[in-house]
Amino acid sequence: MSPTAFFQQLVNGLTLGGMYALVALGYTMVYGIIQLINFAHGEVFMVGAFLGLLALSFAAQLGLEGVAFTLCLAFLVSMVLTSLVGMAIEHVAYRPLRQSPRITLLLSAVGMSIFLQNLVMLIRSRDLQPFPRIITGGVNIQGVILDYIQILIAVASLVLMLALDLFVNRTRLGQAMRAIAQDMEAAQMMGIDISHVIRLTFMVGSGLAAAGGIMSGLYYGGIKFDMGFIVGIKAFSAAVLGGIGSIRGAMLGGFVLGLCETLLVAFLSAAGVTEAFAYKDVIAFAILILVLILKPSGLMGERIVEKV
Amino acid sequence: MNENTPLLQIRRLSKSFGGLKAVDAVDLGVQPGEILSIIGPNGSGKTTLFNVISGIYLPDEGEILLRSPDQPEINLVGLRPHQVTAKGVGRTFQNIRLFANMTVLENVMVGMHCRSSSGALGAVLQAKSARREERRVVQESQRLLALFHSQLIPVMNQPAKALPFADRKRLEIIRAIASEPRLLLLDEPAAGMNPHETRAFMDDLKRLRDRGHTLMVIEHDMMMVKGLSDRVIAFDYGRKIAEGVFEQVRRNEMVIEAYLGRKHGIA
Amino acid sequence: MDVIYTILLVFCGFAIIVIGLSLQHVGPFLVFLAFVTAGAIFLSRLGWLRNFRQITNRNPRSLYFALALCIVAYPFIFTLLKSAYWIHVAAIAGIYACLALGLNITVGFAGLLDLGYVAFYAIGAYSSAIFFRHYPDARWMFWVILPAAALLAGIFGLLLGSPTLRLRGDYLAIVTLGFGQIVRIIATNWESVTNGPKGIADIPGPTIGRYSFETGIPVGSLVLPRVANYYFLIVLLALGIGVAANRLNHSRIGRAWIAIREDELAASCSGVNVTAIKLLAFAIGASFAGIAGVVYSSLIGFVDPMSFTFMESAMIVCMVVLGGMGSIPGVIVGAIVLAILPEKLREFEQIRMLLFGAALIAMMAFRPEGLIPSKRREQELLETTDE
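Residues numbered from 1 in each chain as written. Chains lettered and ligands numbered in written order. Predicted model: local features only at pLDDT ≥ 70, side-chain atom pairs only at ≥ 80, totals over all residues. Heavy atoms only, no water.

1. Let's talk about the overall build of chain B
Reasoning step 1: Looking only at helices and strands, one finds 10 helices and 10 strands in chain B.
Reasoning step 2: By principal-axis analysis of the C-alpha atoms, chain B measures approximately 65 × 40 × 40 Å.
Reasoning step 3: For chain B, with 267 residues in total, the buried portion stands at 55%.
Reasoning step 4: Long-range pairs, those at least 24 residues apart, make up 68% of the contacts in chain B between residues at least 6 apart in sequence.
Reasoning step 5: A total accessible area of about 11,500 Å² is found for chain B, and carbon and sulfur atoms account for 49% of it.
Reasoning step 6: Of the side chains in chain B, 36 bear a positive and 30 a negative charge, and the two mean positions are spaced by 4 Å. (Helix = DSSP H or I, 4+ residues; strand = E, 2+ residues; numbered from the N terminus. Buried < 20%, exposed > 50% of the residue type's maximum accessible area, 1.4 Å probe, protein only. Contact = heavy atoms within 4.5 Å. Areas by Shrake-Rupley, 256 points an atom, 1.4 Å probe, with all protein chains shown as cover. Lys, Arg positive; Asp, Glu negative; His and termini not counted. Charge placed at Lys NZ, Arg CZ, Asp CG, Glu CD.)

This is the structure in C-alpha cells:
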C-alpha cells in the first residue's frame, strides 16, 4: 500500500472511529453507573439518525437556508429529542426493574431494542432511506482527500467529547455521576438523587449517540431501521476495548477500533484478499474476543474486584 | 511428618488493594484439631485473609501450605476457590450466602459437588453409577442435616431462605462440611445471634471439632472467643499483633490499644 | 375418577387447539381466541386451573397417555380435514420446542443469556446442507449427521464460551450477539461452501433402509402426507431432548447450574468449578440447536442465511421467557404458542416483532416468571432483592 493510500485510510478510520466513540460513550456511561449493558443503545443511535433526517426534511420544507444553520438545527433537534427517547427507555424498561435479577434487565433491554427497530420500520420503511448529502467536496492534501464531511465529523465528535469530559469532571452533576459509579449506596447517603442522575446519564448518552447517527447518515448518504444493530455491537466492543466504565477509555477505544477496522480491511484488500470488505464486521468482533481473553479490563479500565 | 506439623502453614502472606495493605506479611500456623480464633478491629484484614486462603483473591506474595494425607504439602496459592475446596478447606461467609431459592437439602447436596463425580451424560442416560451416587448424596446430605439438631430435617424441602436466621447459619456450615473439609474457615459465625443462641451455637462448633474438623474462626463476640478457642490470634492493620491462649492475648498491650485506641472494649 | 378427569381435560384442551387451527378466517379465530383466553382467565380466577394442575400432577401416567394419544391423533385429524399445512406448522413448532428446550438450559437453568443462539441452529442446518450438496444420494447419512452436528455445535459453543464465561454474564450476552452475526456473515460471503445469499436448495430427506421420508405414510385407506414423517421424528426428538433436560435439571450438574445462578461465589467456594459447569450448559444448549438445525434443513429442503437472523434468536428467547425460564413444560408451551400464533395471524405479520418486543418488556415488568413458571424460578423472580 502506498503512503498516500495509507494516509487516506487513516483519515477514513479516524472518521469511523469518531462515530464509534460517540456511541461507545453511551454504553460506558450507563455501564459505569448501573452495570447494565443497554442493549437498546444501538437503536438509540438509529432513532437519532431518523430524527435528524426528519429535522432536515422539515427544515427543507420550511425553506430554511444555509447549510451550517440547517445542520446545527438538525443536530440540536435530534439530540434533544433522542435524549428524551433515552429517558423514556430508562423509565419504561429499566427503572421498574432496578431491584430485579440481572437477566430480567437484560431481557427487558433486548425487548426494547426489538421494539424500537420495528417501530421505526413500521413508521418509516423497510428500505434504506436516502439521507441528504448536504456537505460535499473536500480538500486534497498531496493526494490524500479530506472530505469536508470527514472534517466535520472529526471536529464535532471531538467537541462533543471535550464537552462531556468537562461535564463529567467539572460540574456537580458530573461529580454525582462519578460518585454513583464508585458506590451507589454511599452516594445515596450523601444526598444524591440516584434516579435523577441515572435518568440524566441515559439522556446524555442518547444525545451523543444521536449525533453519531446523523454523522453516519451524512457520511454514508443513507440510513436504515436496522443500522443500529451492528454499530451497537461495534461500539460496545470499543467500550470494552477502552475499558468499560471509563469515559476516556470509550473515546480511545472508538478511535482504535475505527482505525483497526479500516486499516485491516485496506491491508488485506491490498494483499489480494478480495473478500476482506465483506468480513469487515468480523474484525470488531475478533478484537472484542481478543480483549476479553487478554485484558478484560480494557486499555484504561480498572480491575474490578467483587466485594465479598 | 510428626504430630506437631501444622495443618495449615501461612508464610509471609501479603495482599494489598491499591495502597492499602490489607494483609501484611502474615505468618501463622493452624494445628490439626484445634479451634483458632482470629480477632481484631473492623478492617484489620481478617476477612481478606480468609478470602486469600480460599482462593478468591490472589496474594501479592507469600505461601499457604496445606498438609495433606497423600502428599507432603500443597501450596494453595494460585488455586481457584473450587480447587481449594477440593483440597479440603471449606468456608462460610460473614453475611450468609446460601442458595436462597434452592431447598435446604439441595444446598447441602451442592456442598457435596466436589465429593461426587457424575457428569451430564450419566444424568441423561440415568446410568446405574449416577443413580447410585445420587442416592448416596441424598442420604449423606440428610445425615449431615441432623448434625446440629433435628429441626432441619422436617424443613429440608423448603427453600433455604425460609429458615430462621440461626438455622441459616447452621445450614451454611453444614453445606461447607459436606465438602469434607479438614480445615473449616468460619467468618463471624455468631454475628447477629442473641446470647442464648450464641451459647447453643458454641456447643455446635465444639461438636465440629470433635468430629475431626480443624476450625479457624473470625469472631467479635469475646464471650464466644473465650469459651471456644484453643488459641487466639489478634490482627491490626493487616498484621498479626498477638498470639496465644485467650488470657494472654487479652492482656497484650498492643491488643488493648488496638481496641481501646479506637472504639471497642475487650471483655 | 381422577384418571378420567385427567384424560378428559387433555382431550378438551386438544379439541380447543384443533378447533382453533381449523378456523380459516382471522375474524372468527380472533373471536375464538378471545373466548378461550377469557375462559382461561375466568377458570384461573375460580381457582380451577390450579385444581386441574393438581389432578394432572397426581396422575402423571394418565396425563402422559392422553397427551401421547393426542399427539399421535393430530396428523390423522388434519389429514382427514385435508389441511396438511397444519401438520407442517406443528413440525416447525416441534423444532422450535427443541430450540427453546436447548436455550432454556443456558438461560433458564444456568442463567446465561445467549443472544446468538440461532448461530448454533445455523451450524446444524448448514452441516447437513453442505454435506448433501456434495453427496445428495447418501441420504441415510442423515442419521450420522444428526449426532455429528450436535457435537460440532457443542464444540463451537465451547470455543465461544471459554473466553467469555470467565467474565460477567453481560459480556456473554453481547459476545453471543456478535457471534450470531458472524455466522450469518460467513454464511452469506463464503460462497464456495455455502452458496452465499442464494442458499442451498434440494436438501433431501432421510431414509431408513428402503423407507424414505419423502413419501407419505399409508395407514389403512388413509395416506398421511410426507410431512407426517418429520412430524413424528420431531416429536420423538423433542421428547428425547425434554427428558434429557429434565434429568439434567435434577442431577448434580443441574444443581450446580442453579447454584451458580443464585450465587456464583458461594457455588465456587462450595467446590463447584464455575467456568466448567457454565461451559457445559452452554455447550449442551448449543448441541440441541445443532440437532434442530439438521432436522430443519431436511424438513424445508432449503437453507439460506436469512433464516438465521437476530430476530430468530430473539424469537427463541421470547419463547423461553413467555413459557417460563427454567420450566420445561413452560418453554415447550411457549415455543408452540409463538410458533403457531404468527401463522394464524398473518394479517399482523408486519407488527409481529413489534408486539414481541413490547411483550418482552411487559413480561419482565409484570410476570418475569413466565406463564408456566418453574417452582424455583418463581420464588427467585418474585422476591425483591434487599441488597
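2. Quick word on the overall build of chain A
Reasoning step 1: The secondary structure content of chain A amounts to 11 helices and four strands.
Reasoning step 2: Projecting the C-alpha coordinates of chain A onto the three principal axes gives extents of approximately 60 × 50 × 35 Å.
Reasoning step 3: Per-residue burial over chain A gives 54% buried out of 308 residues.
Reasoning step 4: The contacts of chain A with a sequence gap of at least 6 include a subset with a gap of at least 24, amounting to 78%.
Reasoning step 5: Accessible surface, chain A: about 13,300 Å² in total, of which carbon and sulfur atoms supply 66%.

3. Section: the side chain of K344 of chain C
Residues and elements named next belong to chain C.
Reasoning step 1: If you trace the backbone, K344 turns up in helix α15 (residues 328-344).
Reasoning step 2: Looking at K344, the relative accessible area reads 8%, which means it is buried.
Reasoning step 3: A polar atom in the side chain of K344 sits 3.5 Å from the backbone oxygen of G20.
Reasoning step 4: Not counting chain neighbours up to four residues away, the residues in contact with K344 comprise G20, L21, L23, V26, F29 and W86. (Polar contact = N/O pair within 3.5 Å; in protein donor to acceptor, adjacent residues only side chain to side chain.)

4. Comments concerning helix α2 (residues 26-46) of chain C
Reasoning step 1: Taking 1.5 Å as the rise per residue, α2 of chain C with 21 residues should run 30 Å; its terminal C-alpha atoms sit 30 Å apart, in good agreement.
Reasoning step 2: Positive backbone phi, approximately 85 degrees, marks G47 of chain C, located one or two places after α2 of chain C. (Expected span 1.5 Å × (residues − 1).)

5. Quick look at the pairing of strand β3 (residues 144-147) of chain A
Reasoning step 1: Inspection of the sheet shows strand β2 (residues 138-141) of chain A paired to β3 of chain A by four bridges, in the antiparallel sense. Across the sheet, V139 of chain A pairs through a bridge with L146 of chain A, a residue of β3 of chain A. (Pairing = 2+ DSSP bridges.)

6. Notes on the sheet that holds strand β1 (residues 8-17) of chain B
All names here are of chain B.
Reasoning step 1: Spatial strand order, β2-β1-β4-β5: four strands in an open sheet with antiparallel pairing. Two strands close off the open sheet at either side, each with one partner strand: β2 (20-30) and β5 (73-75). Adjacent strand axes in the sheet meet at a mean angle of 25 degrees when their direction is disregarded.
Reasoning step 2: Here helix α1 (residues 46-53) sits on the sheet in contact with β1, β2 and β4 (61-67), set at roughly 115 degrees to β1. (Axes fitted to C-alpha atoms, helices over the stretch in contact; angles between N-to-C directions.)

7. So, the pattern of salt bridges
Reasoning step 1: Summed over all chains, the structure comprises 27 salt bridges over all chains.
Reasoning step 2: With a closest N to O distance of 2.7 Å, K234 of chain A and D281 of chain A form a salt bridge. Within this pair, whereas K234 of chain A is found in helix α9 (residues 227-242), its partner D281 of chain A is found in helix α11 (residues 280-294), the two being separated by 47 residues in sequence. When sorted by exposure, K234 of chain A lands in the same class as D281 of chain A, which is buried.
Reasoning step 3: Among the salt bridges present, the one from E172 of chain B reaches R175 of chain B, with a minimum N-O distance of 3.9 Å. Taken together, the residues E172 of chain B and R175 of chain B, both in helix α6 (residues 165-177) and three residues apart, mark about one turn of the helix.
Reasoning step 4: Taking the relative accessible area as the measure of exposure, E172 of chain B reaches 2% and is therefore buried.
Reasoning step 5: Under the relative-accessibility criterion, R175 of chain B is labelled buried at 3%.
Reasoning step 6: When salt bridges with common partners are traced through the structure, they connect K234, E261, K280 and D281 of chain A into a single cluster. (Salt bridge = Lys/Arg side-chain N within 4 Å of Asp/Glu carboxyl O.)

8. What about the confidence of the model for chain B?
Reasoning step 1: Confidence along chain B averages 88 in pLDDT terms, with 96% of residues attaining 70 or more.
Reasoning step 2: For this predicted complex, the interface confidence score (ipTM) comes to 0.90, while the overall pTM stands at 0.88. (pLDDT = per-residue confidence, 0-100.)

9. Some points on the interface of chain C and chain A
Reasoning step 1: Taken together, the contacts link 45 residues of chain C with 45 residues of chain A.
Reasoning step 2: Across the contact surface, chain C and chain A share zero salt bridges.
Reasoning step 3: If you list the elements that add at least two residues to the side of chain C that touches chain A, you get α7 (142-164), α8 (169-189), α14 (310-323), α16 (352-366) and α17 (375-382) of chain C.
Reasoning step 4: Considering every element that reaches the side of chain C that touches chain A, the biggest residue donor is α8 of chain C, with 13 residues.
Reasoning step 5: Here the side of chain C that touches chain A is built from residues that sort into 33 nonpolar, eight polar and four charged. (Nonpolar A, V, L, I, M, F, W, Y, C, P; charged D, E, K, R; others polar.)

10. Structural notes on the nonpolar core
Reasoning step 1: Among the nonpolar cores identified, the biggest contains 234 residues, and F39 of chain A together with F120 and W257 of chain C are the most heavily contacted of them.
Reasoning step 2: The element contributing the most residues to this core is helix α5 (residues 85-109) of chain C, with 18 residues.
Reasoning step 3: A domain split of this core shows at least three residues from each of domain 1 (1-82) and domain 2 (92-386) of chain C.
Reasoning step 4: L145, M156, L215 and M224 of chain B belong to the second largest nonpolar core, which has 35 residues in total. (Core = buried A, V, L, I, M, F, W, Y, C linked by side-chain atoms within 4.5 Å. Domains from an automatic or database assignment.)

11. Here's the deal with the sheet that holds strand β7 (residues 183-187) of chain B
All names here are of chain B.
Reasoning step 1: Taking strand neighbours across the sheet as the criterion, the six strands line up as β6-β7-β8-β3-β9-β10 in an open arrangement whose pairing is mixed. The strands lining the two open edges of the sheet, one partner per strand, are β6 (89-91) and β10 (239-244). Averaged over all pairs of adjacent strands, the angle between their axes in this sheet comes to 20 degrees, without regard to strand direction.
Reasoning step 2: In the sheet, β6 pairs with β7 via three bridges, with the strands oriented parallel. Looking across to β7, one finds that V89 is bridged to L183.

12. Side note on the state of the cysteines
Reasoning step 1: Taken as a whole and assessed by the stated rule, the structure comprises zero disulfides over all chains.
Reasoning step 2: No disulfide involves C12 of chain C; its sulfur sits 10 Å from that of C70 of chain C, the nearest cysteine. (Disulfide = S-S within 2.5 Å.)

13. Concerning the packing of aromatic side chains
Residue and element names in this part refer to chain C.
Reasoning step 1: In total, this model carries 27 aromatic pairs over all chains according to the counting rule given.
Reasoning step 2: Here F131 and F132 contribute two aromatic rings whose centre-to-centre distance is 5.3 Å and whose plane-to-plane angle is 85 degrees, an arrangement assigned as edge-to-face. Both residues of the pair, F131 and F132, belong to the buried class.
Reasoning step 3: Judged by centre distance (4.9 Å) and plane angle (80 degrees), the ring pair of F142 and W143 falls under edge-to-face. (Phe/Tyr/Trp six-rings, centres within 6.5 Å; stacked < 30°, edge-to-face > 60°.)

14. What to know about the packing of helix α1 (residues 3-34) of chain A against helix α6 (residues 172-182) of chain A
All names here are of chain A.
Reasoning step 1: Remark: α1 packs on α6, axes separated minimally by 6 Å, with the N-to-C direction vectors making an angle of 55 degrees. Between α1 and α6, the interaxial angle falls into the category oblique. Of the residues in α6, those in contact with M29, G32 and I33 of α1 are M177, I180 and A181.
Reasoning step 2: Each residue belonging to the contact of α1 with α6 can be placed in one class, and the counts come to five nonpolar, one polar and no charged. (Parallel < 35°, antiparallel > 145°, perpendicular 65-115°, else oblique.)

15. Remarks on α6 of chain A
Residues and elements named next belong to chain A.
Reasoning step 1: By the burial criterion, the buried members of α6 are G174, A176, M177 and I180. Buried residues of α6 fall within an arc of 155 degrees about the axis and therefore sit on the same side. Every exposed residue of α6 that faces more than 90 degrees away from the buried side is listed here: R172 and Q182.
Reasoning step 2: In this fold, the buried residues of α6 make contact with α1, α5 (148-170), α7 (184-189) and α8 (194-220). (Arc of directions from axis to C-beta.)

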